[in-house]
Amino acid sequence: MTTARDINFDVAPQAEELREAMVAELRDLGAIQSEQVAAAIGTVPRHLFAPGKPLEKAYAANSAVVTKRDENGVAISSLSATHIQAVMLEQAQIEPGMRVLEIGSGGYNAALIAELVGTAGQVTSVDIDSDIVTRAKECLAAADYDQVNVVLADAENGVPDRAPFDRVIVTAGAWDIPPAWSDQLTEHGRIIVPFRMRGLTRTVVFERVGDHLVSRDYRLCGFVPMQGSGAHSERRVPLDGDEVVLRVDEELAVDEELAVDAGRLQEALLMPRVMRWSGVEFDQVDELDFWIGTHAPAFGLLTAQDGPIERGLVGPSAKRGVPTLVRGGSFAYRTKRPIEGTETFETGVYAHGPEAEAVAKEYVELLRTWDRDHRRGPGARIEAYPAGTPISILPQGCVVDKQHTRVVISWPRPQAS
Ligand SMILES: C[S@@+](CC[C@H](N)C(=O)[O-])C[C@H]1O[C@@H](n2cnc3c(N)ncnc32)[C@H](O)[C@@H]1O
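Residues numbered from 1 in each chain as written. Predicted model: local features only at pLDDT ≥ 70, side-chain atom pairs only at ≥ 80, totals over all residues. Heavy atoms only, no water.

What to know about the packing of helix α2 (residues 12–28) against helix α3 (residues 35–43)
Working step 1: Contact geometry for α2 and α3: axes closest at 8 Å, N-to-C directions at 150°. Between α2 and α3, the angle is such that the two are roughly antiparallel. When you trace α2 past α3, the crossing you get is right-handed. Residues Arg 19, Met 22, Val 23, Leu 26 and Arg 27 of α2 touch α3, and the partners they reach there are Glu 35, Ala 38, Ile 41, Gly 42 and Thr 43. (Axes fitted to C-alpha atoms, helices over the stretch in contact; angles between N-to-C directions. Helix = DSSP H or I, 4+ residues; strand = E, 2+ residues; numbered from the N terminus. Parallel < 35°, antiparallel > 145°, perpendicular 65-115°, else oblique. Left-handed = near helix turned anticlockwise from the far one by under 90°. Contact = heavy atoms within 4.5 Å.)

Structure (structure tokens):
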């Protein structure tokens, strides 16, 4: 029987070469750790899921292929970069015969999962967008993965007809974990989810322990946001029109003194800034940022466009969103400077406002505590309890309230050697 794969015979040898090179690169980068994931990525013809794109683009390990944009040109669907797909598949530890739910369909990742579960397993992929469902079905058929079941639905409710699942792999940025995802999990199942906490997204592996979920691993990642009933918008506090914005995802503060007040922060930005240095080397920035984000009662990501950075109003660290500690009408964010005679940098702080000195001191103290107690530690432990669980029975840590869950992020100390 002639299949779509055969029709692509003219590009097949070149595609195979590029696929092998991509596997080698992903091994070098540490994204591929196991032979199973290497074999899956080495087998699935990714170019059939990116029709019309140059082969080099389809097989670029680190770039996503956008498949749909909204009316403002913002990407709302893509084939995720193979790098992050490999990382998440390794986190998932999928075994032959498993039943897997993928949330967010591009076709390619579902085909990788189909390779991993084999003929005894079952793959369901759900997407909220009918164009994406149609596209995924067509690409899967073209690549001979008709066994993948692609469903049109809002994943907030999971896919009850196909449950239970040994793995739920979420491929859109989630602000919360709806109960359906844990309810539809087998007893020893895992949820792998790009989870946004205080504006910072990490792909977290969760396992169920009693009535709650506990993290086993997490990695830095970026995904298009969840749509539908699980969508959640952050608050954008303008500090200099749209050019300098403080993005606040969750406000922990009930205390008025800790509330983020746009007017006071706009005035603060116009006051001369205080600069303080920490003596702490600038590295492992993702972990450092997560630490800061989970230790500041009032927190946001300061984000600036090129203009205010070039004018010197805001430091260049704000280009991509920098962790910012807010205290009343003052705020502080991280910056860095080169350490003379080395190729490394030292972390420091810029602070603005009437209490700039105090907020800078507080931030520098956080940088030093992380350096002293956590730089070599096991990282954060993330636990998701049902919403409304009394604080008195929760472990110590940063408590972040979502719609369905009460998330606790704690930082165990390194074991003494
Ligand atoms: C990054 S893409 C998926 C990538 C895909 N897994 C692949 O093979 O590369 C994210 C997808 O999530 C979908 N999505 C967003 N919110 C959703 C929801 N509530 N339920 C189901 N799908 C959703 C989007 O329509 C989009 O197609």
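Topic: the domain arrangement of the protein
Working step 1: Taken as a whole, the protein is organised into domain 1 (4–230) and domain 2 (235–374).
Working step 2: Taking only C-alpha atoms into account, the centre of domain 1 sits 34 Å from that of domain 2.
Working step 3: Taken residue by residue, the interface counts nine residues in domain 1 and 13 residues in domain 2.
Working step 4: For the pair domain 1 and domain 2, the two sides together bury roughly 1100 Å², of which 52% comes from carbon and sulfur.
Working step 5: Considering only the surface of domain 1 that becomes buried against domain 2, Arg 198, Leu 200 and Tyr 218 emerge as the three largest contributors, covering 61% of it.
Working step 6: Remark: the boundary between domain 1 and domain 2 carries one salt bridge.
Working step 7: With its nearest N and O atoms 2.8 Å apart, the salt bridge here joins Asp 249 to Arg 196.
Working step 8: For the pair domain 1 and domain 2, the number of links is seven residue pairs in polar contact (both at pLDDT 80 or more). (Domains from an automatic or database assignment. Buried area = accessible area lost by both parts, 1.4 Å probe. Salt bridge = Lys/Arg side-chain N within 4 Å of Asp/Glu carboxyl O. Polar contact = N/O pair within 3.5 Å; in protein donor to acceptor, adjacent residues only side chain to side chain.)

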